[in-house]
Amino acid sequence: MVAKILITILIVLVVLLVVLYFVGKKLQKKQAQQQAQIEAAKQTVNMLIIDKKKMKLADAGLPPIVLEQTPKYMRRAKLPIVKAKIGPQIMSLVCDASIFDVIPLKKEVKATVSGIYITDVKGIRGSLNAVPQKKKGKFKTWVEKMQEKAGAKPLK
């Protein structure tokens with residue numbers, strides 16, 4: 001009796017893993033196509049960064065067509081939004097999450113833009129400041145101290 005239950009659970013888990021494998025491959029192909037489109041449409045632009053915030057798509061001031069094309073589950077998510085002056089025009093742009101902290105406020109930068117998506121940022125006058133490291137919490141500091149006392153190598 002117990003063996004039958006374990007075998008059925010095992011079969012269900014194997015089927016689930018196979019389904020997840022194929023869904024993952026499909027999503028990976030889709031992401032590769034999107035990345036290729038971004039690379040094909042990118043251009044380098046000089047811009048003055050006015051403001052940057054993480055906000056909901058509806059509050060960001062993006063064109064209405066962007067809101068219509070966004071999936072419903074993404075409309076509530078907070079995205080990194082950068083308000084910048086490009087030439088005489090002030091625009092709201094969506095930023096890549098990995099470079100959001102590097103973007104300086106109230107400075108002119110040379111950015112790689114694909115549509116309304118900022119993919120890379122470089123400083124025009126000098127280099128950009130490095131990302132300040134976040135302050136460690138009390139628990140993490142305590143763990144590192146205990147590891148040091150025990151003679152273990154520190155984690156990074």
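What counts and how
- Residues numbered from 1 in each chain as written.
- Predicted model: local features only at pLDDT ≥ 70, side-chain atom pairs only at ≥ 80, totals over all residues.
- Heavy atoms only, no water.
- Salt bridge = Lys/Arg side-chain N within 4 Å of Asp/Glu carboxyl O.
- Buried < 20%, exposed > 50% of the residue type's maximum accessible area, 1.4 Å probe, protein only.
- 1 Å grid on protein atoms, 1.4 Å probe; cavity = no way out; pocket = protein on both sides within 12 Å on 5 of 7 lines; lining within 4 Å.
- Points joined across faces, edges and corners; volume = space filled by probe spheres on them.
- Helix = DSSP H or I, 4+ residues; strand = E, 2+ residues; numbered from the N terminus.
- Phe/Tyr/Trp six-rings, centres within 6.5 Å; stacked < 30°, edge-to-face > 60°.
- Core = buried A, V, L, I, M, F, W, Y, C linked by side-chain atoms within 4.5 Å.
- Contact = heavy atoms within 4.5 Å.

**Q** How do you make sense of the pattern of salt bridges when you look at a structure like this?
**A** A pair can form between side chains of opposite charge whenever their charged atoms are brought close. Under the definition given, this model contains three salt bridges. Ionic pairing is found between Glu39 and Lys42, a salt bridge with its closest N-O pair at 3.1 Å. Exposure remark for Glu39: the relative accessible area of 42% places this residue in the partly exposed category. You can call Lys42 partly exposed: its relative accessible area is 42%. Residues Glu144 and Lys136 are paired through a salt bridge, measuring 2.9 Å at the closest nitrogen-oxygen approach.

**Q** How should the layout of surface pockets be read in this particular structure?
**A** Empty space among the atoms becomes visible once a probe the size of a water molecule is rolled across them. In this structure, the largest pocket spans a volume of roughly 830 Å³. Every residue lining the largest pocket is counted, 18 residues in all, and those nearest its centre are Gln34, Ile38, Pro71, Met74 and Tyr117. Contributing elements (two or more residues each) for the lining of the largest pocket: α1 (2-40), α2 (64-69) and α3 (72-75). Residue contributions to the lining of the largest pocket peak at five residues, all from α1.

**Q** Would you take a moment to explain the packing of aromatic side chains for this structure?
**A** Each aromatic ring pair is described using two quantities: the centre-to-centre distance and the angle formed by the ring planes. In this structure the tally under the stated criterion is two aromatic pairs. When the ring of Phe139 is compared with that of Trp142, the centres are 6.0 Å apart and the planes differ by 35°; the resulting orientation is tilted. Of this pair, Phe139 and Trp142 both sit in helix α4 (residues 138-150), three residues apart, roughly one helical turn. Taking the relative accessible area as the measure of exposure, Phe139 reaches 61% and is therefore exposed.

**Q** Would you take a moment to explain unusual backbone geometry for this structure?
**A** Phi is positive for Lys106, which is not a glycine, with a value near 60°. With respect to the element layout, Lys106 can be found in the loop between β3 (89-95) and β4 (108-114). Among the residues examined, Lys106 registers a relative accessible area of 63% and is labelled exposed.

**Q** Can you walk me through the nonpolar core in this structure?
**A** Looking at soluble globular proteins, one finds that nonpolar side chains tend to be buried together. The biggest cluster of nonpolar side chains holds 16 residues, and the ones touching the most others in it are Met47, Ile49, Val82, Ile118 and Val121. Of all the elements in the fold, those that place two or more residues in this core are β1 (43-56), β2 (78-86), β3, β4 and β5 (117-123). When neighbours within four sequence positions are excluded, Ile118 is seen to be in contact with Met47, Val82, Leu93, Val94, Cys95, Asp96, Ile99, Ala111, Thr112 and Val113. Of all hydrophobic cores here, the second largest spans eight residues; its members include Leu57, Leu62, Leu79 and Ile81.

**Q** Would you mind showing me how to read the side chain of Thr112 here?
**A** Position of Thr112 among the secondary structure elements: in strand β4. Among the residues examined, Thr112 registers a relative accessible area of 14% and is labelled buried.

Honestly, that's just the spatial picture; any functional story needs more than this.
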